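# Examination of the molecular architecture
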Amino acid sequence: VGVGHDVTNFSNLGIELDILVENMPFPMIIFTADMRVVRMNEAFMAITGIKSDEISAFDYSQWRQTHVVPVGDCVNNEEKHLITQECRIHHNNEENTYIMRLQEIRDFFGNISGYFLFMRDITYQRAYEESILAAANTDVLTGMYNRRYFYNYLSENSLKPMTLFYMDLDRFKYVNDHFGHAKGDEVLIKTANAIKTLFPKAVSARLGGDEFA
């Protein structure tokens, strides 16, 4: 569907735009040039918790300050008149991650007549990325960091002062040979838990076998 409107004055926007905005598959707001809310769809109302009769009094700037936590740097594309920011939003005891895009609306003469705000939910995408990152850096058996992560950490922090403990388990082969690998795994897990308890703020890793650092 294509809808054409004179956007010089947003007070002229009619029911066609309401239908268009409401059927967008993502949270969306339309602002005037002074950031006053003109239209908001139900997807955005669900995030903010406001009702349709409260839209005109909705203070977007205040809501953003109290509920939105920026993640990383804000990207300003001056050529496209577009500002992009990844954010975390708290609502109903839940935290979701969104890409927020604020797009200028300009008239024929290049004057700003308003803004579109689009939001894309990337919560599951970020959770998936974090799970992959954790799997790549974590020892499956003990839940500690693995050798790869630990050596990268040492390399990245080599110019900073630190204390390094390196240890292995005496007679661990005897445990495996006489009591089985299941019991050996239990010893490794309990050792890892003891290390994490003794050094809760340290970067602790299982380097392989019965070696820890």
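Here's a quick rundown of the structure. Quick caveat, the model's predicted, so the values are computed rather than measured.

Reading guide: rules and limits
Residues numbered from 1 in each chain as written. Predicted model: local features only at pLDDT ≥ 70, side-chain atom pairs only at ≥ 80, totals over all residues. Heavy atoms only, no water. Helix = DSSP H or I, 4+ residues; strand = E, 2+ residues; numbered from the N terminus. Polar contact = N/O pair within 3.5 Å; in protein donor to acceptor, adjacent residues only side chain to side chain. Contact = heavy atoms within 4.5 Å. Axes fitted to C-alpha atoms, helices over the stretch in contact; angles between N-to-C directions. Nonpolar A, V, L, I, M, F, W, Y, C, P; charged D, E, K, R; others polar. Pairing = 2+ DSSP bridges. Buried < 20%, exposed > 50% of the residue type's maximum accessible area, 1.4 Å probe, protein only. Core = buried A, V, L, I, M, F, W, Y, C linked by side-chain atoms within 4.5 Å. Patch = residues over 30% accessible without salt bridge, like charges linked within 9 Å, V, L, I, M, F, W, Y side chains within 5 Å. Areas by Shrake-Rupley, 256 points an atom, 1.4 Å probe, with all protein chains shown as cover. Salt bridge = Lys/Arg side-chain N within 4 Å of Asp/Glu carboxyl O.

## Describing the side chain of E86
Examined against the element boundaries, E86 turns out to sit in strand 4 (residues 82-91). A polar side-chain atom of E86 sits 2.8 Å from a polar atom in the side chain of R126. In this view, E86 contacts V69, P70, V71, T97, Y98, I99, I122 and R126; residues no more than four positions away in its chain are not counted.

## Notes on the packing of helix 6 (residues 172-179) against helix 7 (residues 181-198)
Taken N-terminus to C-terminus, the directions of helix 6 and helix 7 make an angle of 145°; their axes are 7 Å apart at the nearest point. Of the residues in helix 7, those touching helix 6 at F172, V175, N176 and F179 are H181, K183, G184, V187 and L188. For the contact of helix 6 with helix 7, a count of residues per class yields five nonpolar, three polar and one charged.

## Quick notes on the pairing of strand 5 (residues 94-106)
Summarising the sheet, strand 4 and strand 5 pair through ten bridges and their orientation is antiparallel. Bridge pairing links L82 to Q103 in strand 5. From the end of strand 4 to the start of strand 5, which pair antiparallel, there are two residues, and N92 there has a positive phi angle of about 55°. Relative to strand 6 (residues 112-121), strand 5 is paired through nine bridges, and the arrangement is antiparallel. Paired with R101 across the two strands is F118, which belongs to strand 6. The antiparallel hairpin formed by strand 5 and strand 6 contains five residues in its connecting segment, where G110 sits at a positive phi of about 90°.

## Points about the side chain of N41
Among the structural elements, N41 can be located in the loop between strand 2 (37-40) and helix 2 (42-48). On the basis of relative accessibility, which here comes to 0%, the residue N41 falls in the buried class. If sequence neighbours within four positions are ignored, N41 has contacts with V21, E22, M24, F26, P27 and M28.

## Looking at the nonpolar core
Grouped together as the largest cluster of nonpolar side chains are 21 residues, with contacts concentrated most on I29, M40 and Y60. Not counting residues within four places of it along the chain, the set of residues in contact with M40 comprises E22, M28, I29, M45, T48, I50, I55 and F58. If you look at the next biggest cluster of nonpolar residues, it comprises six residues, including M144, F172, A192 and I195.

## Thoughts on a nonpolar patch on the surface
A contiguous nonpolar patch, built from F165, L198 and F199 and spanning about 320 Å² of accessible area, is present on the exposed surface. Within the fold, F165 resides in the loop between helix 5 (147-156) and strand 7 (167-168). Overall, the relative accessible area of 46% leaves F165 in the partly exposed class.

## A short note on the sheet that holds strand 6
The strand order 2-1-6-5-4-3 describes an open sheet built from six strands, whose pairing is antiparallel. On the outer flanks of this sheet lie strand 2 and strand 3 (68-77), each paired with one strand and no other. Neighbour-to-neighbour, the strand axes of this sheet turn through a mean angle of 20°, independent of strand direction. Of the strands in this sheet, strand 1 (28-32), strand 3, strand 4, strand 5 and strand 6 are in contact with helix 3 (residues 60-67), which crosses strand 4 at around 60°. Contacts between helix 4 (residues 123-137) and the sheet are confined to strand 4, strand 5 and strand 6, with strand 5 contributing the most and set at about 125° to the helix.

## Focus: the pattern of salt bridges
Taken as a whole and judged by the stated rule, the model has nine salt bridges. Two residues, R126 and E129, come together in a salt bridge whose shortest N-O distance is 3.0 Å. With R126 and E129 both in helix 4 and three residues apart, this pair spans about one turn of that helix. For E129, a relative accessible area of 38% gives the class partly exposed. Across the pair D139 and R206 runs a salt bridge whose closest N-O atoms are separated by 3.3 Å. Within this pair, whereas D139 is found in the loop between helix 4 and helix 5, its partner R206 is found in strand 8 (residues 206-208), the two being separated by 67 residues in sequence. On the basis of relative accessibility, which here comes to 14%, the residue D139 falls in the buried class.

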